[in-house]
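# Structural overview for review
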Amino acid sequence: MQSSHPPSSRPPFYALEVAIAAIQVLRPVVARIRQRDRDLGEQLRRALSSAALNVAEGNSNEGGTRLSRFSTAAGSNSEARAALRVAVAWGYVEAAHIQAGEALLDRLAGLLHGLGARR
């Protein structure tokens, strides 16, 4: 997985890289969903962004705050996964169009669980 993160003294945080990759892969899917259902598309966009941002914030915290941010990220990740299923159920996109993104979101869910997320 190629990353486009800026150079820094810290190595990339893999969970964040997976969350960003999911956004990149699902960007055209989100656009297609928004054309059919603006609210669902926006909710999906916000959930994907929230998952990535909370992963990043959790990585910069310690203790209970860290676990809380990872748990929030896990909740947003679950919301994004459900939004994708809803979009397929409504016929806005085909199941094949979301498979790569779903695989990344599944991977993120596993990583967050391993980091102690409670959702």
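Not measured: the values here are computed from a predicted model.

### A closer look at the pattern of salt bridges
- Tallied over the entire structure, the rule returns four salt bridges.
- As a salt-bridge pair, Arg81 and Asp106 come within 2.4 Å of each other at their nearest N and O atoms. Taken together, the positions of Arg81 in helix H3 (residues 63-89) and Asp106 in helix H4 (residues 95-114) put the pair 25 residues apart, joining distant regions of the chain.
- Note on Asp106: relative accessible area 41%, which makes it partly exposed.
- Members of the salt-bridge network, linked through shared partners, are Arg34, Glu42 and Arg45.

### Focus: the side chain of Ser76
- Within the secondary structure, Ser76 sits in helix H3.
- With near-sequence residues (within four places) excluded, Ser76 lies in contact with Ala47, Ser50 and Ala51.

### Re the nonpolar core
- Counting 33 residues, the largest nonpolar core has Ile33, Leu44, Leu84, Leu108 and Leu112 as the members making the most contacts within it.
- Among the elements of the structure, helix H1 (14-36), helix H2 (38-59), H3 and H4 are those that each provide at least two residues to this core.
- Per-element tally for this core: the top contributor is H1, with nine residues.
- Sequence-distant contacts of Leu112, that is, excluding residues within four places in its chain, are made with Val55, Phe70, Ala73, Ala74 and Ala117.

### Concerning the environment of Gln99
- Inspection of the secondary structure puts Gln99 in helix H4.
- Among the residues examined, Gln99 registers a relative accessible area of 52% and is labelled exposed.
- Expressed as a C-alpha distance, the spacing of Gln99 and Leu84, which sit 15 residues apart in the sequence, is 9.8 Å.

Rules and cut-offs
- Residues numbered from 1 in each chain as written.
- Predicted model: local features only at pLDDT ≥ 70, side-chain atom pairs only at ≥ 80, totals over all residues.
- Heavy atoms only, no water.
- Salt bridge = Lys/Arg side-chain N within 4 Å of Asp/Glu carboxyl O.
- Helix = DSSP H or I, 4+ residues; strand = E, 2+ residues; numbered from the N terminus.
- Buried < 20%, exposed > 50% of the residue type's maximum accessible area, 1.4 Å probe, protein only.
- Contact = heavy atoms within 4.5 Å.
- Core = buried A, V, L, I, M, F, W, Y, C linked by side-chain atoms within 4.5 Å.

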